[in-house]
Amino acid sequence: MRRRGLHGLLALWLGAGCNGAAPAGPPRSPGEPAASAPRRTFTLGDRAIEEVVRAVSAARQLSPTRPVAVERLDKARFVERLLGNRDEEPSSEGSLSSEAAFLLGFNFLPQPGQRGGLSTVDEVLKEQVVGFYSRTADKVFIPDVALASEDDLLEQRAVLAHEVQHALQAQHFPDMPEAKSSDEAIAQLALVEGDAMVAMGAWLGAEAGAPVGRTLRRIVEVTRRIPLASVTRGEASTKLDKALDLTKKRLEFPYRDGMLLVTDVYRAGGFPLVDRMYTRLPRSTEQVLHPEKYLAGEPPRPFADPRPPPGYALSAADTLGELDTRILLERCVAAEVAERAAAGWAGDRFGVFAGPDRRLATAWISAWDTEKDAEELEATLGQSAACWHENALGVERGDYTIGANIAVRRQGKLVAFVRGLPEGVGAALASHLFTLAGPEPKPTPLTDRPIPPRVRLPEPTPGRLEGDVYRNGWLDVVGRVPQGMLGHVGGGVELVVERPDALVRGGMSVSTRITSDAENEKTFGEVQASFVRDVAELSMRVEALGGGPVTTALGAGVERAWRVAGTSMELRLVLVPICAGTGSIVFVQAYGDPYARSVLDGWMDSFRWTNGRNLTACDFLDPK
């Protein structure tokens, strides 16, 4: 239900039916400044924390096996705790770490003169992380800070919901095995973080009274307001914005793409199938990016590590994966071309070697689903020669450098890439790379359940008036404006009928909130609170008249009514569930006498289903 439109309609009715005015208050002297209200702050208290834990458990359908511990720390201690257990690769001045070799070997580093202001991973974490779960301590940590607004409080509660799910994961699922590559590690993290994003989204949806199915179909929209460790707050000068493009996209991937993976698996088999994912972890970022490949159990093709050419030593060996392949190609070709070229990934292995005079060389062998996919990568790499410029690590003494020359070769579904070697040596190494490929593995499906197509949901559309007949194709209803009354549509309410000269007004709207007893009470409570506030401004008060089940022309509903004390003015609200209770049609009546009430009852009774309750709206309210 569009609350703002309903609130405005209530105020409009009150203004038409009552002539009182709110007290103006004592006058101010000319030039005297208005007294400023004390600034209100918000904090997350113990009771609110307990409620979030309970609600996340219910929304994600994982009951705690032991209490979830949550500790609040001041900002300084929070950051210290966050970074205190991070392992950093030791290195001495002038040495080459495997991470530095990788970044330089694939040209993920800008040239030394273009690196000013780049953020480190630690700087990004200090700025972005607003809550975390420590598996070692088995505890959720959040910063104990005063929040400036209700939106900030919602953000912290949502982040707490995310971290509570990590605690529930630790209680229900075994520790992750050590990944065989960085690509596999990111894929495993995508399950863990994606599941926590889904739990947070389910919690946010439950807060708004939305069913889990709809929430997870609209998960990106539902979670868009909540920044997490991987998501920039959109500020122009954030540390995340100044990080390497590779760093940003690797940080974002487990949250965004992991969330989409878990929602698709949920749509195929619900939370029981999501729970089974912890017994069959994603093996690659390809499986995360293509959930159907994950469910089909398509593992990456194995490769042996590339061997260094004579005079060179191995500095780094790892798997690039579909994600890093896409990021690599995006530096050289349009994003859509890079995504398409990387989409057929089926496995890879690379080596970065250090040779004479600290010159580096890169060797990369990759497998593809089809020869066409391999040809596409070959062509894309062949078009990218201008991207492989001379580069240096940037240390003061004995710098490591790499050349711009590349070689690309293809054999069937395999593509070899070599960078930084003389032409003859590079060609020989490229030929050797094809011998490193293992056999194509056989898939082992997790389930035979398909993922339902992610078709576009039919967004709400307004109805229209044709004379005195109201039609709404999205709701599949038709109704009539009572004789002698005016009708109009829009303004946040589907339909309003009224007489300007009398207190007889009706409104019809749609609530996207589920129609459980608890959620109905929330709706009634919000309407009552709005009514009470507006009446209080007129120095009057509201009496509750009660309510209960009611029969309407559109089916069984539930009603509640209120009266302005000392007057004949009444307000009545009727909820008629639709789409298996995932939403409702809402009728609001305001009247000043029994005859006006009878006119509005007749207006409600004029509504009919046009297609026997086969509502287009159900594909939005209760999507599959």
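Report on the accompanying structure. (Residues numbered from 1 in each chain as written. Predicted model: local features only at pLDDT ≥ 70, side-chain atom pairs only at ≥ 80, totals over all residues. Heavy atoms only, no water.)

### Overview of the pairing of strand β15 (residues 493-498)
Right, so step 1: For β15, the buried fraction is high: 6 of the 6 residues fall into the buried class.
Right, so step 2: As paired elements, strand β14 (residues 486-490) and β15 share 4 bridges and run antiparallel to each other. Within the sheet, the bridge partner assigned to G490 lies in β15 and is V493.
Right, so step 3: Remark: 2 residues form the turn of the hairpin made by β14 and β15, two consecutive strands paired antiparallel; G491 in that turn has positive phi of roughly 70°.
Right, so step 4: With 4 bridges connecting them, β15 and strand β16 (residues 504-511) associate as antiparallel partners. Residue pairing for β16: L495 is matched across the bridge by M508.
Right, so step 5: Where β15 folds back on β16, the antiparallel hairpin that results is connected by 5 residues. (Buried < 20%, exposed > 50% of the residue type's maximum accessible area, 1.4 Å probe, protein only. Helix = DSSP H or I, 4+ residues; strand = E, 2+ residues; numbered from the N terminus. Pairing = 2+ DSSP bridges.)

### Overview of the sheet that holds strand β20 (residues 583-591)
Right, so step 1: Strand order in the open sheet formed by 7 strands is β14-β15-β16-β20-β19-β18-β17, with antiparallel pairing between adjacent strands. Across the chains shown, the open sheet's two edge strands, defined by having one partner strand only, are β14 and β17 (542-552). If you compare each strand with its neighbour and ignore which way they point, the axes differ by 15° on average.
Right, so step 2: Note: β17 against strand β18 (residues 555-564), 10 bridges, orientation antiparallel. (Axes fitted to C-alpha atoms, helices over the stretch in contact; angles between N-to-C directions.)

### Some words on the state of the cysteines
Right, so step 1: Throughout the structure, instances matching the rule amount to 2 disulfides.
Right, so step 2: Covalently, C332 is tied to C387 through a disulfide, its sulfur atoms 2.4 Å apart. In this pair, C332 is assigned in the loop between α13 (321-330) and α14 (335-342) and C387 in the loop between α15 (371-382) and β7 (391-392), connecting sequence segments 55 residues apart.
Right, so step 3: The exposure class assigned to C387 is buried, which follows from its relative accessible area of 14%.
Right, so step 4: Residue C579 pairs covalently with C618 via a disulfide, S to S 2.0 Å. Between C579 and C618 the sulfur-sulfur dihedral comes to about -90°; the bridge is accordingly left-handed. Placement of C579 in the loop between β19 (570-578) and β20 and of C618 in helix α19 (residues 618-621) is noted, with a sequence separation of 39 residues between them.
Right, so step 5: The exposure class of C618 is buried, given its relative accessible area of 18%.
Right, so step 6: Counting only the cysteines that take part in disulfides, in the order they occur along the protein, gives the pairing 1-2, 3-4. (Disulfide = S-S within 2.5 Å.)

### Focus on the sheet that holds strand β2 (residues 132-134)
Right, so step 1: Within the open sheet, the 3 strands sit side by side as β1-β3-β2. Their pairing is mixed. The open sheet has two edge strands with one neighbour each: β1 (70-73) and β2. On average, each strand axis in the sheet is inclined to that of its neighbour by 30°, with strand direction left out of account.
Right, so step 2: Note: β1 against strand β3 (residues 139-143), 4 bridges, orientation parallel. Counted as the bridge partner of E71 is F141 from β3.
Right, so step 3: Here helix α6 (residues 150-172) sits on the sheet in contact with β1, β2 and β3, set at roughly 165° to β3. (Contact = heavy atoms within 4.5 Å.)

### A look at the side chain of D195
Right, so step 1: Note on placement: D195 falls in helix α7 (residues 182-207).
Right, so step 2: Within the structure, D195 has its side chain in polar contact with the side chain of Q169 (distance 3.3 Å).
Right, so step 3: Setting aside its immediate chain neighbours within four residues, D195 contacts R60, Q165, Q169, A190, V262, V274 and Y278. (Polar contact = N/O pair within 3.5 Å; in protein donor to acceptor, adjacent residues only side chain to side chain.)

### Examining helix α3 (residues 75-84)
The periodicity of an α-helix, 3.6 residues per turn, causes residues three or four positions apart to be oriented the same way.
Right, so step 1: Of all the residues in α3, the buried ones are F78, V79, L82 and L83. Across the axial projection of α3, the buried residues extend over an arc of 115°, all falling on one side. With respect to the buried face of α3, the exposed residues turned more than 90 degrees away are A76, E80 and G84.
Right, so step 2: You can read the cap of α3 off the contacts: a side-chain oxygen lies 3.2 Å from the backbone nitrogen of A76, and it is on D74. (Arc of directions from axis to C-beta.)

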